[in-house]
Amino acid sequence: MISRKSGYLVAKPTPTHSEFLASNGYLVLKGALDSVDRLATEINEVFDALPADGRDPRRSERGNEMFRYEMLNRSAACQEAVGHPKILEVIEPLLGEDCHVIANTAWRNPPSSDGEHGGDAWHIDAGPHIPLPEGVQWPVEIPHPVFAIGVHIFLSDCNLEDGPTGVIPGSQRSGKAPPRTQVYDNSLTYEGHGVVPLIAEAGDIAFFVSDVWHRRMPTALGDQGRFFLQVHYGRRDIAQRIRRTSEANHLSDQAIARADTPRRRSLIGLHDPFFYDG
């Protein structure tokens, strides 16, 4: 556990749920929310009222239609949900009491939509935050730091045939992205650990460390699609991606005009959408 005292981070003992998340890379809290009716209603209203953002040109029109971004700006219920005490009591010991939301996206995957949203290959969400050279392992006696955490608040049941998110426990300590030769391999392992599907019911909350190897698993007969609110939380030091940097930045019009190459733009904070914001 980390806590900020007098401006600096200090280490403390870690609560059980937070320890499980940090050690295994994932956690599912069963029955965390008594009802998700209001949350689901407001998210469906946003889908109906607003067109798809189209942030990722690599996705098809149908693929982009599955998402609505910056949900805490668009729904009071979503803003309330991102601060739910059952979420904060898990993530704050790992990210600090001053952690913040870095992305907030609603997912409404229709049946038979695996492969269309871009997350069906094994991947990590940015990072790895501590890359390790080949042959080097993270020391077992030192807790591996956590920089960002993804959270899924389930608005409908997510069964095995619906293509749940799968994670490889412990892989967040690898210091590497998943092997490129196995990005669609359901038998991928890390240090003997195979995939764990995050099967859930409406009202459950799933957590995963951003560096853990994960993917949407293939769907099967009886797939009913997926419906959940995704929230990414990061340490205070990690920039928000709720809006693209072209829309939300600290720059003057003159500074933007002077940035006449891709590197000059990225240097002053104008980044192309990528993980979290795309």
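Residues numbered from 1 in each chain as written. Predicted model: local features only at pLDDT ≥ 70, side-chain atom pairs only at ≥ 80, totals over all residues. Heavy atoms only, no water.

Our next topic: the pattern of salt bridges. With the rule as written, the count across this model stands at 10 salt bridges. A salt bridge links Arg 4 to Asp 98; its shortest N-O distance comes to 2.5 Å. Of this pair, Arg 4 sits in strand β1 (residues 2-5) while Asp 98 is found in the loop between α6 (85-95) and β5 (100-109), placing the two residues 94 residues apart along the sequence. Since its relative accessible area comes to 25%, Asp 98 is described here as partly exposed. Each of Arg 38, Glu 42 and Glu 80 takes part in salt bridges that share partners, so that together they form one network. (Salt bridge = Lys/Arg side-chain N within 4 Å of Asp/Glu carboxyl O. Helix = DSSP H or I, 4+ residues; strand = E, 2+ residues; numbered from the N terminus. Buried < 20%, exposed > 50% of the residue type's maximum accessible area, 1.4 Å probe, protein only.)

Across soluble globular proteins, nonpolar side chains show a tendency to be buried alongside one another. By size, the foremost hydrophobic cluster in this structure holds 39 residues, and its most contacted members are Ile 43, Ile 153, Phe 207 and Leu 229. Those residues in contact with Leu 229 that lie beyond four places of it in its chain are Leu 39, Ile 43, Met 71, Cys 78, Ala 81, Asn 104, Thr 105, Ala 106, Val 151, His 152, Ile 153 and Leu 155. Core analysis: the second largest hydrophobic core is formed by 14 residues, Met 66, Phe 154, Phe 208 and Val 212 among them. (Core = buried A, V, L, I, M, F, W, Y, C linked by side-chain atoms within 4.5 Å. Contact = heavy atoms within 4.5 Å.)

Right, let's talk about the sheet that holds strand β6 (residues 148-154) for a bit. Read from one edge of the open sheet, six strands run β3-β9-β6-β11-β5-β4, paired in antiparallel fashion. A strand with exactly one partner marks an edge of an open sheet, and here the two such strands are β3 (26-29) and β4 (67-68). Here β5 pairs with strand β11 (residues 226-234) via nine bridges, running antiparallel. The partner of His 100 across the bridge, within β11, is Gly 234. With respect to the sheet, helix α1 (residues 16-24) is in contact with β3, β6 and β9 (205-209), its orientation differing from that of β3 by roughly 140°. (Pairing = 2+ DSSP bridges. Axes fitted to C-alpha atoms, helices over the stretch in contact; angles between N-to-C directions.)

Contact pair α1 / α6: the axes reach a minimum separation of 8 Å and the direction vectors enclose 60°. Our classification of the angle between α1 and α6 gives oblique. The hand of the α1/α6 crossing is right-handed. Of the residues in α6, those in contact with His 17, Ser 18, Leu 21 and Ala 22 of α1 are Glu 89, Val 90, Pro 93 and Leu 94. Looking at the contact of α1 with α6, its residues break down into five nonpolar, two polar and one charged. (Parallel < 35°, antiparallel > 145°, perpendicular 65-115°, else oblique. Left-handed = near helix turned anticlockwise from the far one by under 90°. Nonpolar A, V, L, I, M, F, W, Y, C, P; charged D, E, K, R; others polar.)

By convention here, two paired aromatic rings are described through the distance between centres and the angle between planes. Per the counting criterion, the structure on display carries seven aromatic pairs. Ring centres of Phe 67 and Tyr 69 lie 6.4 Å apart, and the angle between their planes is 25°; this geometry places the pair in the stacked category. Both residues of the pair, Phe 67 and Tyr 69, belong to the buried class. Every member of this aromatic cluster is reached through a ring pair, and the members are Phe 67, Tyr 69, Trp 107, Phe 154 and Phe 228. (Phe/Tyr/Trp six-rings, centres within 6.5 Å; stacked < 30°, edge-to-face > 60°.)

This next bit is on the pairing of β5. Taking burial as the measure, the 10 residues of β5 include nine buried ones, the bulk of the element. By the bridge criterion, two bridges tie β4 to β5 in an arrangement that is antiparallel. For Arg 68, the partnering residue across the bridge sits in β5 and is Ala 106.

Right, let's talk about helix α2 (residues 37-49) for a bit. In this model, α2 (13 residues) spans 18 Å end to end at C-alpha, consistent with the 18 Å of a helix rising 1.5 Å per residue. Those residues of α2 lying buried are Leu 39, Ala 40, Glu 42, Ile 43, Val 46 and Phe 47. One side of α2 carries all its buried residues, which in axial view fall inside an arc of 165°. Exposed residues pointing more than 90 degrees away from the buried face of α2 are listed as Asp 37, Asp 48 and Ala 49. (Expected span 1.5 Å × (residues − 1). Arc of directions from axis to C-beta.)

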